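Spelled out, the chains give:
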Amino acid sequence: GGALRGRGGAAPGGGGGGSKAKKKNGRSRGGKANNPPYLPPEAEDGNIEYKLKLVNPSQYRFEHLVTQMKWRLQEGRGEAVYQIGVEDNGLLVGLSEEEMRASLKTLRRMAEKVGADITVLREREVDYDSDVPRKITEVLVRKVPDNQQFLDLRVAVLGNVDSGKSTLLGVLTQGELDNGRGRARLNLFRHLHEIQSGRTSSISFEILGFNSKGEVVNYSDSRTAEEICESSSKMITFIDLAGHHKYLKTTIFGLTSYCPDFAMLVVSANTGIAGTTREHLGLAMALKVPFFIVISKVDLCSKATVERTVKQLERILKQPGCNKLPLLVNSDDDAVTAAQQFAQSPNITPIFTLSSVSGENLDLLKVFLNILPPLTNSKEQEELMQQLTEFQVDEIYTVPEVGTVVGGTLSSGICREGENLVVGPTDDGKFLRLKVCSIQRNRSACRVLRAGQAATLALGSFDRSLLRKGMVMVSPEMNPTICSVFEAEIVLLFHATTFRKGFQVTVHVGNVRQTAIVEKIHGKDKLRTGEKAVVCFRFIKHPEYLKIGAKLLFREGVTKGIGHVTDLQAITTKENGLEESLGPGQLSF
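Quick caveat, the model's predicted, so the values are computed rather than measured.

Scoring rules and cut-offs
- Residues numbered from 1 in each chain as written.
- Predicted model: local features only at pLDDT ≥ 70, side-chain atom pairs only at ≥ 80, totals over all residues.
- Heavy atoms only, no water.
- Helix = DSSP H or I, 4+ residues; strand = E, 2+ residues; numbered from the N terminus.
- Contact = heavy atoms within 4.5 Å.
- Core = buried A, V, L, I, M, F, W, Y, C linked by side-chain atoms within 4.5 Å.
- Buried < 20%, exposed > 50% of the residue type's maximum accessible area, 1.4 Å probe, protein only.
- Polar contact = N/O pair within 3.5 Å; in protein donor to acceptor, adjacent residues only side chain to side chain.
- Pairing = 2+ DSSP bridges.
- Axes fitted to C-alpha atoms, helices over the stretch in contact; angles between N-to-C directions.

The next subject is the environment of Leu 287. The topology assignment puts Leu 287 in the loop between helix H7 (277-286) and strand E10 (291-296). With 31 residues separating them along the chain, Leu 287 and Thr 256 place their C-alpha atoms 7.6 Å apart. Sequence-distant contacts of Leu 287, that is, excluding residues within four places in its chain, are made with Leu 255, Thr 256, Lys 551 and Leu 553.

This is the structure we're talking about:
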C-alpha cells in the first residue's frame, strides 16, 4: 500500500464517488450533549479509516479502496477499524438504512479481496433533523498477516493476593464459570503447594484466542493448545503473576523480563485497595506498562460496596503521581470506546466490574480484549527485525528426549531453526557456541521467530549447568559488551534510612536479576526518598550483558528505586590464545 498512499481528493476518484461535493447545506450540526457530532480528524497513519459511504464504486475506485484497506491493515498489524458514515474531517454524517446496507456489502467485497473477515462492532444513530434515521457503523476488519500464524498480545496480570487473578484467567481460558471455591484456577497452578494454599508463587502462562469473527477460542469443547493456536487469528497470552508480598521478586521478574504489552490489575470488590495493590500499580507505572483495571467478585457484595471500591480507585488514579483518566465500562459500546482510546492515549485507564462466579460483565472484558490493538506498529517491528539476533533467556528446562530447552523473548532480529548463536556471559565473562535445534511458540512448532515474540528454543545436548536466567543468546557477529560496573540515573522511591555508598541492592534490568553494591553516588554522599542521582553499581557475582537506556528497578527490603542505565564499563578479554586453551566449541570474545 506504500505506492498508493496519496489519499483524499487528490487521487482520481478519491472523493467517495463525488458524494462529498453534493452536500446539503441546511443541516444543523448540533448533536446530543453526550454524543459529540465530531470525531477527531482521520490520521494518515494508524489503522482507523473514515468512510462516508461505499455505494457501488467503479472498478477503478474499488481497486483504490482495496489498496487502502491493505495499507490500514498493515499499519494495525492485521487489524483495521472502519467508521462508515463519517467524513474525513471527523464529522458524523450517518447513512440511511439502504446506503448503509450497500456500503457494508462493498466493504465485505473489499475484505474478501484481501482475504480478511469483518465484524460489526457497533451501530449508533445520529440525530440530524432529517426525516430518515441515519446511522453510523463501526466495523473491525481482521486479517492474519501472511508471515505469522496469529496476532500476539501479552497481558501481565497483577493484583493483591486473593483478588481473584488466577480464577478470572481460569474462567476466561477454560470457558466455564467458577463455583465460588476456586475450581476454575486449579488448571493454572504449576506446583502442589499452590494447589494446597491457593496461592500463585510462580509465573504461569495462559492463552486465550479470538477467531477472525471475534469469537472466543479457548479450552472449552476440550480443545488442545495447538487447536487454539490453529483456529485463532489473535492470541492473548496472559502472564499470571504472584500477588503475595513474599513473591514480589517473581512478580518484578515477570514484569521486567517478559515485556508485556499491557497489564491487567485485578482488585477484589469486597476488600478494595489492599496489600500489594498499590505496589503493583506503582510497578506498572514505573515500567511504563499501560494498564486497565478489573474489579472482581462483585457477586459477593452490594452495589454500594462496588461503587465505593470504584470511587477509591478513581481517587488514586487521579492523584498527581498517577494522572490517569478512569473510564468505567458498563456496556459493549463503552468497551469498544475503551479499547480504542486506551491504545491511542496511555493515560486512559478502563475499569471493568465483573464476577467470575455469576459471569456478570465478563463478555465486556472479552469484547475489549478482542479489539485491543497492538501498541507497536508494523514499522517499529520491521526495524527491530533488521537488527542482529538477540534472545533473552528467562527460563531453563530439561525435557526428556529433547535435551536442554530455554524459554524467553526475542528482543531483536530473526531466529530460524538450525541457526548458530552464542550464549553468555558465563561467570568468567565468556560466550559459548550453540545451535538452535527447534522452536516452539505457544506450544506449537514454529520455523521462524520474529522480534518481540516469546518462544522456547531447544538446544539439543547443550549442558544445562552452563546456563542461567539473565543470559542472552546473540548472533556471533554482534560482539556483545558485558560489564560488572555500570552507572544508572535513579530515583529513590522509598527508603527507611539514607541510601549511601556500600549499600547492597537487588537490581532488575530486563531479564537480569543480581545483587549489586553501590560504588559511588555522583555529586552527593547520600540519597533520601524522592531524590534523583547518577549512581555507580557493581555486580557481586558475575558480569552481565546490559544495554544503555535499559529500564532499571532495584529493591532491598523496603528500599525501592527506578531509573535507567546511562553508562557501562565494558570488559574486554584478550582474544589471543584463548580459543585454543578453552578447547573446541567454546568461543570467547
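Another point: the nonpolar core. Core analysis: the biggest nonpolar cluster contains 33 residues, and Leu 158, Leu 241, Leu 255, Phe 291, Ile 293 and Ile 295 have the highest contact counts within it. Counting only elements with at least two residues in this core, the list comes to strand E5 (151-159), helix H6 (248-257), strand E9 (262-268), H7, E10 and helix H8 (303-318). Sequence-distant contacts of Leu 158, that is, excluding residues within four places in its chain, are made with Lys 165, Leu 241, Thr 251, Leu 255, Ala 263, Met 264, Leu 265, Val 266, His 280 and Ala 284. With 32 residues, the next largest nonpolar core counts Leu 153, Leu 168, Leu 169 and Phe 352 among its residues.

This next bit is on the side chain of Arg 441. The topology assignment puts Arg 441 in strand E18 (residues 438-441). In this structure the side chain of Arg 441 is engaged in a polar contact, spanning 2.8 Å, whose partner is the side chain of Asp 152. Within polar-contact distance, the side chain of Arg 441 engages the side chain of Gln 453 at 3.5 Å.

We now examine the pairing of E18. Only one face of E18 is buried: it carries Ile 439 and Arg 441, and the other face, with Ser 438 and Gln 440, is open. Summarising the sheet, E18 and strand E21 (residues 454-458) pair through three bridges and their orientation is antiparallel. Counted as the bridge partner of Ile 439 is Leu 457 from E21. As paired elements, E18 and strand E19 (residues 444-445) share two bridges and run antiparallel to each other. Bridge assignment links Gln 440 to a residue of E19, and that residue is Ala 445. Taking the residues between adjacent antiparallel strands as the criterion, E18 and E19 are bridged by two residues, where Asn 442 takes a positive phi near 45°.

A few words on the sheet that holds strand E3 (residues 117-126). Read across the sheet, four strands follow the order E1-E2-E4-E3 without closing on themselves; strand pairing throughout is mixed. At either end of the open sheet lies a strand with only one pairing partner, and these are strand E1 (48-51) and E3. Averaged over all neighbouring strand pairs, the angle between strand axes comes to 20°, with direction disregarded. This element, helix H2 (residues 97-114), spans strand E2 (79-84), E3 and strand E4 (134-142) of the sheet and lies at about 10° to E4.

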